[in-house]
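Each chain is listed here by its residues.
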Amino acid sequence: MKRKCAWIIVCGLLVGLLLCGCRKLQELDRAATTPAPIVVEREEAGADEAKEAGEDGIEPESGDGNLISDEADGSALDKAAPEEADAGSIRTPVQVKGIYISAYVAGTTELLDNVIAGMDRTEANALVIDLKDDYGRVVCEMDSPLVTELGSVKTYIGDMEGLMRKLDEHDIYAIARIPAFRDAWLGEVRPDWCVQQADGSVFRDRDGNAWVNPYRREAWDYLLEIATEAKKLGFDEVQFDYVRFCTERGMQDCVFAEEDTQGRSRTDIILEFMEYAYEILRAQGLFVSADVFGAIINNDRNANNIGQIYGEMAKHLDYISPMIYPSHYADGNYGIDHPDLHPYETIRAALEDSCRELYAAGLDGSSVAAVRPWLQDFTASWLDSHISYGAAEVRTQIQAVYDSGYDEWLLWDASCHYSWDGLLTPEAAGEESAAVAASREALPETVWVSEDMPAETSMEAEASESGEAEAQTEPSADLSLEGKVETANGEE
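Here the structure is a predicted model, which means the values were calculated and not measured. (Residues numbered from 1 in each chain as written. Predicted model: local features only at pLDDT ≥ 70, side-chain atom pairs only at ≥ 80, totals over all residues. Heavy atoms only, no water.)

### Comments concerning the pairing of strand β11 (residues 409-412)
For step 1, the next point in the chain: Burial of the side chains of β11 extends over both faces: W409 and L411 are buried on one face and L410 and W412 on the other.
For step 2, the next point in the chain: Judged from the 3 bridges that link them, strand β10 (residues 374-376) and β11 form a sheet pairing that is parallel. When the bridges of β11 are listed, Q376 appears paired with W412.
For step 3, the next point in the chain: Taking the sense of rotation as the criterion, the β-α-β connection linking β10, helix α15 (residues 391-403) and β11 turns out right-handed. (Buried < 20%, exposed > 50% of the residue type's maximum accessible area, 1.4 Å probe, protein only. Helix = DSSP H or I, 4+ residues; strand = E, 2+ residues; numbered from the N terminus. Pairing = 2+ DSSP bridges. Right-handed = clockwise from strand over helix to strand, strands pointing away.)

Pasting the structure below:
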C-alpha cells in the first residue's frame, strides 16, 4: 500500500512538471509576437469603395524623474532641469545589426545565453527586447508611478540589472521595444484612454485587444514614462511599435470626440506624438526609433488610413524601421509574381522606394532618420507560394540592404530561433563593410529629384522615368479589409 502511494505521488509530480512546462511554452508563444502582418495588395479596379468603407473604420518630473505634463500643449521637456537635459544628450551611435527577442527569452537564462553565444560568434551586435509587450504588460519592475498605479507589470525579466550587465559585458547594444497604441491591458484598467465605439464600449480587434486613442495625451505621458525608465534601466534606445491606428474593419464604427481631435487628422496626431516623444527622449540621451509598415512608403492611401507618413515620421526619429518582410507583399507587387519567393528583389524594390521617399522629405538626407529595416527570418507557411527561410534567404536580404545604400538591419522571428549561419563572423563582416564602402565611393551620386521640374511633381517623374506605372507596381494595401490580413503561426 505504501509503495502504491509512493508511485501515485511520483506520478503526480511528473504530471505537474509537464503541465508547468506546457504553460511556459504557452507563455513563450504569447510573449513573442510580431508587428501585425499586413499583406500589401496591388491597386485594383473597384478597390476604392472597399477602402472607404473600412478606412474610418508612456512626464512633469516630480522629484524622482517622472515626466507627466499637466498642460495640454506643454512639453514634458520644459519640466526637466536644463543641466540634466544637457548631460543626458550625449549620444554615441552604433551601426546596428540586430535581432528581436521576447521578454520571456530575455528573462530565461538558458535561452538568453544561447542567443548571446550566437551573437558572440557573428556580426550581430544588438538586441531588440520587449520592455512593454504586445498585450500592454510591462515586463519588469520599474520605478514608475503610472505603471504602479495601473498595475501594468507582469514580470518576465526578474533581474533586469543582471541582464543589462551581461549585455554590456558582451558589448551588445540594447533597444527597448515599446508597443504604443495597441494595449489590451489599458482596455481593462483605463478604458477611457482607449478607442471607443459609438455606444461607448471599448473597441477591440479580432484578437480581443484594445487600442489606445492616440488623441489622448495621458496615454502619451504613460508611454514616455516607460521610455524614461528604459534609460534608467540601461537601454541605449527605445523603439516604438504600433505607432498607428488599428486597420480592421470595425474601426469605422469608432468615434473620436471633437475636444480630443481638435480638427487633427490621423497623420497629424501620429506625427505630433512622434515629435513630442523624440524631443523628450533625445534630451535624455536616448536614441529613438519606430517601426512602420512597408505599405506606407510612397503610398498616401495607406498612410492616411493608419496615420503613418514615412518621410514625415523620419524627421522626428533617429532610426526608422520599415517592416518589409517579403511574405507580407501580395503577388504582383513591384512586378514580382510571388514576393516571398524572391527575397532579394523584394527588399531591393521596397528600399528603392524608401530612398525616393526620404530624399523627397529631406532632400539632402541630413534631416531624416537613418533606415534600419526589419528583415524576415521566419517561414511564411501560411502562403500558398512560399519558400523555407534560412541562412541563404537571410543573407540575400542583408545583401539587398547594402546594395540599396543602407548599412543597418534587424531580423525578426517570433519564436526567436535565428539562422546564425546566415550571418558573418565579426572579422568577415569588417572586411565586407570595407568592401561595401569602397564600392559606394566609386558610384556616381544618385539624384532622385529631377532638376528641371518643380519638387511637387518630382515623384511622378521618377516613377515615369523608371517605368514604374502606378497601376502595375505601386503597393496599395486595403489595410481595413479583414480578408487581406494574414496570421502566421501565432504572429499577430
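### Focus: the pattern of salt bridges
For step 1, the next point in the chain: With the rule as written, the count across this model stands at 24 salt bridges.
For step 2, the next point in the chain: One salt bridge in this structure joins D130 and R177, with 2.7 Å as the shortest N-O distance. One end of the pair, D130, is in strand β2 (residues 126-130); the other, R177, is in strand β3 (residues 173-179), with 47 residues separating them in the sequence. This pair shows no difference in class: D130 is buried, exactly as R177 is.
For step 3, the next point in the chain: In this structure, R217 and E272 form a salt bridge, with 3.7 Å as the shortest nitrogen-oxygen distance. Here R217 is found in helix α9 (residues 217-233), whereas its partner E272 is found in helix α11 (residues 266-283), with 55 residues between them in sequence.
For step 4, the next point in the chain: Residues joined in a network through salt bridges with shared partners are K97, E123, R395 and E432. (Salt bridge = Lys/Arg side-chain N within 4 Å of Asp/Glu carboxyl O.)

### Focus: the pairing of β2
Both faces of the sheet carry side chains from a regular strand, because those side chains alternate between them.
For step 1, the next point in the chain: Among the 5 residues of β2, 5 are classified as buried, and the element is accordingly described as predominantly covered.
For step 2, the next point in the chain: Of the two faces of β2, the one lined by A126, V128 and D130 and the one lined by L127 and I129 are each fully buried.

### Overview of unusual backbone geometry
For step 1, the next point in the chain: Although it is not a glycine, Q262 sits at a positive phi angle of roughly 50°.
For step 2, the next point in the chain: Checked against the element boundaries, Q262 lands in the loop between α10 (258-261) and α11.

### Focus on a negative patch on the surface
For step 1, the next point in the chain: On the surface, D168, E169, D171 and D236 cluster together into a negatively charged patch.
For step 2, the next point in the chain: As for its placement among the helices and strands, E169 is situated in helix α7 (residues 160-169). (Patch = residues over 30% accessible without salt bridge, like charges linked within 9 Å, V, L, I, M, F, W, Y side chains within 5 Å. Areas by Shrake-Rupley, 256 points an atom, 1.4 Å probe, with all protein chains shown as cover. Lys, Arg positive; Asp, Glu negative; His and termini not counted. Charge placed at Lys NZ, Arg CZ, Asp CG, Glu CD.)

### What about helix α14 (residues 343-362)?
For step 1, the next point in the chain: For α14, spanning 20 residues, the distance from its first C-alpha to its last is 28 Å, which sits close to the expected 28 Å at 1.5 Å a residue.
For step 2, the next point in the chain: Along α14, 14 of the 20 residues are buried, which leaves the element largely enclosed by surrounding structure. (Expected span 1.5 Å × (residues − 1).)

### Let's talk about the environment of T379
For step 1, the next point in the chain: Turning to its location among the elements, T379 is positioned in the loop between β10 and α15.
For step 2, the next point in the chain: A polar contact of 2.9 Å, which involves the side chain of T379, links it to the backbone nitrogen of Y389. (Polar contact = N/O pair within 3.5 Å; in protein donor to acceptor, adjacent residues only side chain to side chain.)

### Quick look at helix α5 (residues 109-120)
For step 1, the next point in the chain: Taking 1.5 Å of rise per residue, 12 residues should cover 16 Å, and α5 covers 16 Å from first to last C-alpha, within 8% of that figure.
For step 2, the next point in the chain: Residues L112, V115, I116, G118 and M119 constitute the buried set of α5. Angular distribution of buried residues about the axis of α5 spans 155°; they occupy a single face of the element. The exposed set on the far side of α5, more than 90 degrees from its buried face, consists of T109 and E110.
For step 3, the next point in the chain: Looking at the buried positions of α5, the neighbouring elements they touch are β1 (97-101), α4 (103-106), β2 and α7. (Arc of directions from axis to C-beta. Contact = heavy atoms within 4.5 Å.)

### Here we look at the packing of α15 against helix α16 (residues 426-441)
For step 1, the next point in the chain: In contact at an axis separation of 11 Å, α15 and α16 are set at 35° when each is read in the N-to-C sense. On the side of α15, the interface is formed by R395, Q399, V401 and Y402, while α16 contributes E432, V436 and R440.
For step 2, the next point in the chain: Looking at side-chain class alone, the contact of α15 with α16 contains 3 nonpolar, 1 polar and 3 charged residues. (Axes fitted to C-alpha atoms, helices over the stretch in contact; angles between N-to-C directions. Nonpolar A, V, L, I, M, F, W, Y, C, P; charged D, E, K, R; others polar.)

### What to know about the packing of α9 against α11
For step 1, the next point in the chain: Orientation of α9 relative to α11, taken along the N-to-C sense of each, is 35°, at an axis distance of 11 Å. Between α9 and α11 lies a crossing whose hand is right-handed. In this structure, α9 contributes R217, W220, D221, L223, L224, A227 and T228 to the contact, and α11 contributes I269, E272, F273, Y276, A277, I280 and L281. (Left-handed = near helix turned anticlockwise from the far one by under 90°.)

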